[in-house]
Amino acid sequence: MEGKFNPKAIHKPPQEPSLEEKPEALPDVGEVVRQGHEAAESTEEVTKELHLENTEETEQRKRMNVASLTNPSEQHFDHHNEDRAIVLAKKVFGVLDGVGGSRQGEQASGFMQEYIEKRVKEEYDPSLPPEKIADFLDAVLFEGNKLLIANNKKEQANDATTATILAASKGEVIIAAIGDSPAYVLRADGAFERLTLDDGYFRSYDPANKAREWEIQKRLGEALSIDELNDEERDYYTHRNLIGKALGMYQDTEGNDIQPMHAGIYRIKAFAGDRFFI
């Protein structure tokens, strides 16, 4: 990015025997017991087979195919790459996009990638309930941001990066995001949805009006021409690359201190066949 540094088997019941249907003779008791043991053993084997089949089917449903790709921007003078991708076996994924078009953005995204991966590998438990996972992701970004800010102040640097981190657990996807690296889902039925709000220009002057920002982002995503936008939407479109929040930012353009920020948290139901994009 080229953002500016700114603020179901139907079970049929067994048929009841007819009252007229009676056995011609009672079988030998010993034979019944023997057949019963054989039937029990057979049932046990079938149960084992069914269990194995169901286990394989369950594991198949749990599998996720993951891919990541990043390329240096041709707009950067030395073709350096500010983007970093996170792909971890604990089903945690993410994108970090350095801000500013300089090596400072590359350093910030690289620092946060290493920090997040280390915390996830050492501390993250995928069996946690979704709300605890949300707390964990927010804490990792919050604490990593404080370290990045401290380093910026020490080095008198402006290293900054966006971060959008996604974790999959218990039929949900939990996303923690700071900045303007969006996340989307393509549902199995073809519906395409945006999942995150940008920390951008609109929120800088009306931070509480999330409903309106969702509306504007939807309009910008659907418009085929700028002529379809009203004045407010055009204004947002013109300033769409301005960033109001990013990891590492500690001062606004007027030199005022920015307090370390919490991530936007999004929880989304996930279904078989869904494809998530960051």
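Conventions we followed
- Residues numbered from 1 in each chain as written.
- Predicted model: local features only at pLDDT ≥ 70, side-chain atom pairs only at ≥ 80, totals over all residues.
- Heavy atoms only, no water.
- pLDDT = per-residue confidence, 0-100.
- Contact = heavy atoms within 4.5 Å.
- Pairing = 2+ DSSP bridges.
- Helix = DSSP H or I, 4+ residues; strand = E, 2+ residues; numbered from the N terminus.
- Axes fitted to C-alpha atoms, helices over the stretch in contact; angles between N-to-C directions.
- Buried < 20%, exposed > 50% of the residue type's maximum accessible area, 1.4 Å probe, protein only.
- Core = buried A, V, L, I, M, F, W, Y, C linked by side-chain atoms within 4.5 Å.
- Patch = residues over 30% accessible without salt bridge, like charges linked within 9 Å, V, L, I, M, F, W, Y side chains within 5 Å.
- Areas by Shrake-Rupley, 256 points an atom, 1.4 Å probe, with all protein chains shown as cover.
- Salt bridge = Lys/Arg side-chain N within 4 Å of Asp/Glu carboxyl O.

This part covers the confidence of the model for the protein. Confidence along the protein averages 76 in pLDDT terms, with 69% of residues attaining 70 or more. Overall, residues 29-60 carries pLDDT values under 50, and its contacts beyond four positions in sequence, including any with other chains, amount to 1 contact.

Let us now look at the sheet that holds strand β6 (residues 192-194). Pairing is antiparallel in the open sheet, where 3 strands are placed in the order β6-β5-β8. Strand pairing shows two members of the sheet lacking a second neighbour, β6 and β8 (275-277), which therefore form its edges. Within the sheet, the average angular offset between the axes of one strand and its neighbour, ignoring direction, is 20 degrees. Judged from the 3 bridges that link them, strand β5 (residues 184-186) and β8 form a sheet pairing that is antiparallel. Across the sheet, the residue bridging to Leu186 is Arg275, located in β8.

With respect to the helices and strands, the residue Asn241 is situated in the loop between α6 (231-238) and β7 (264-269). In this structure Asn241 comes out as partly exposed when scored by relative accessible area, which is 38%. In sequence terms Asn241 and Asp198 are 43 residues apart; their C-alpha atoms lie 10.0 Å from each other.

One finds Met112, Ile116, Leu137 and Leu141 to be the most contacted residues of the largest nonpolar core, which totals 26 residues. Residues contacting Leu137, with those up to four places away along its chain left out, are Ile165, Ala167, Ile174 and Ala176. Val173, Leu197, Tyr266 and Ile268 belong to the second largest nonpolar core, which has 11 residues in total.

Moving on, we get to the pairing of strand β1 (residues 83-88). A regular strand places its side chains so that they alternate between the two faces of the sheet. With 6 bridges joining them, β1 and strand β2 (residues 92-97) adopt antiparallel strand pairing. What sits directly across from Ile86, in β2, is Gly94. Joining the antiparallel neighbours β1 and β2 is a turn of 3 residues, in which Lys91 adopts a positive phi near 60 degrees.

Together, Met64, Val66 and Val87 give the surface a local cluster of nonpolar side chains, amounting to about 240 Å² of exposed area. Checked against the element boundaries, Met64 lands in the loop between α1 (29-62) and β1. Residue classification places Met64 among the partly exposed positions, given a relative accessible area of 40%.

Turning our eyes to something else, we now look at the sheet that holds strand β3 (residues 163-169). By definition, the strands of a sheet pair up through backbone hydrogen bonds, in either a parallel or an antiparallel sense. Taken in spatial order, the 5 strands line up as β1-β2-β3-β4-β7 in an open sheet, and their pairing is antiparallel. Here the strands that pair on one side only, and so sit at the sheet edges, are β1 and β7. Taken pair by pair, the neighbouring strands of this sheet meet at an average axis angle of 10 degrees, ignoring direction. Sheet topology places β3 next to strand β4 (residues 172-178); 7 bridges connect them, and they run antiparallel. By the bridge assignment for β4, Ala163 is matched with Ile178.

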